[in-house]
Amino acid sequence: MEHIILYAIVPIIVVMLAGYISGKKGIFNGDDSKKFNKVVLDYALPAALFVSIVQSTREMLAKDIKLSLISLVGIMFCFMLVYYVFKLFKKNTGADAAVSALISGSPTIGFLGFAVLEPIFGTTPSVALVVAIVSIVVNAVGIPVGLSLMNASLEKQEIASVSAGGTATLKKKRPSAWLPVLHALEQPVAWAPILAVIWVLVGIPWPKWASPSFDLIKGANASLAVFSAGITLSSIKVNINWQAILGSILKMVVMPAILLILGLIFHMDPLNLKMLVVAGALPPAFSGIIIADEYNTYVATGTSSLTLSVILFIGFCPLWIWITDMVLHSAAI
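The rules behind these values
- Residues numbered from 1 in each chain as written.
- Predicted model: local features only at pLDDT ≥ 70, side-chain atom pairs only at ≥ 80, totals over all residues.
- Heavy atoms only, no water.
- Salt bridge = Lys/Arg side-chain N within 4 Å of Asp/Glu carboxyl O.
- Helix = DSSP H or I, 4+ residues; strand = E, 2+ residues; numbered from the N terminus.
- Core = buried A, V, L, I, M, F, W, Y, C linked by side-chain atoms within 4.5 Å.
- Buried < 20%, exposed > 50% of the residue type's maximum accessible area, 1.4 Å probe, protein only.
- Contact = heavy atoms within 4.5 Å.

A.B. asks: Whenever I open this one, the pattern of salt bridges confuses me. Can you help?
C.D. replies: Pairing between side chains becomes possible if they bear opposite charge and their charged atoms approach one another. This structure, assessed with the given rule, holds two salt bridges. The closest approach of N and O atoms between K38 and D42, which form a salt bridge, is 2.9 Å. Of this pair, K38 and D42 both sit in helix 2 (residues 30–53), four residues apart, which is roughly one turn of the helix. Between K274 and D325 there is a salt bridge; the shortest N-O distance is 3.0 Å. With K274 in helix 13 (residues 270–280) and D325 in helix 15 (residues 299–332), this pair connects stretches of sequence that are 51 residues apart.

This is the structure in structure tokens:
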């Protein structure tokens, strides 16, 4: 636990605090944070995922099929659970619920995955595969589903608004549900790990001399992502309310618990299970806040939930590792 706190959590707090102070002093602002995020999502993270995965083997990929299926089922179950729970509240629209799911139903694996997992579990292809698989679920499945739910709700609101005004109901062609999926797959953070997996399955040897070309930009992934997160938090107004607290509970307690239960039921590899539980306990996805800001939907509460979860992660990260170790030890006995 001491190692986890000193080598995984404290560095994140220090770098995030540096970003926060820089934002408060006006050295950087929210627009700068978006640019930093783009560097992470379009360059640093794809490079880190690609070069790490291509160094694995077919045997490792075959072993991780169970990891992939449990990640998909567990994370998307939590995603839809958050959506339907928040949709029950009268003040929330379907779009609000969709943003809640994009935030509290998705871990920020792209920004904090390597920063948290590597200091705890080491710089190995196994860590990269966990980050890649969860990233694909969040970016290529969760975001398209969330955007589809949001667009459907906003379209209904627009039609209802026009009808209430005494004008004929709008009749416009609903955009294809596949468009968000295709858009997500166009992003480097989605296709880079998929390309790497195909590379390994085909059996093409990865030349060692090619790795340094990726390592330089790869090294900026964790530090820049955490620094950018600090800037983002400095540029938003935090107002903790009961919905923000509920979102944090669903994200920090329910998601890792469900992933742990599924992993135990289907006898996942213990190390993969520990990494998956920690990935599930990561704070909410920053991409959800970016989408909320673009659509001007549920921004304040979503941001408050994100901030609260980042604070809670300091305690929940070592707690979930301890719980997972205890459960695995009991199961082995």
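A.B. asks: What is the right way to read the nonpolar core from this model?
C.D. replies: The tendency in soluble globular proteins is for nonpolar side chains to be buried as a group. Counting residues in hydrophobic clusters, the biggest one holds 93 residues, and the most contacted among them are F114, V116, I120, V134 and C317. At 13 residues, helix 7 (residues 125–164) tops the list of elements feeding residues into this core. Not counting residues within four places of it along the chain, the set of residues in contact with C317 comprises I4, I9, V116, I120 and V278.

A.B. asks: Would you explain unusual backbone geometry in this entry?
C.D. replies: Glycine aside, negative phi is the norm for most residues, and most peptide bonds take the trans geometry. Unlike most non-glycine residues, H267 shows phi in positive territory, near 55 degrees. As for its placement among the helices and strands, H267 is situated in the loop between helix 12 (242–265) and helix 13.

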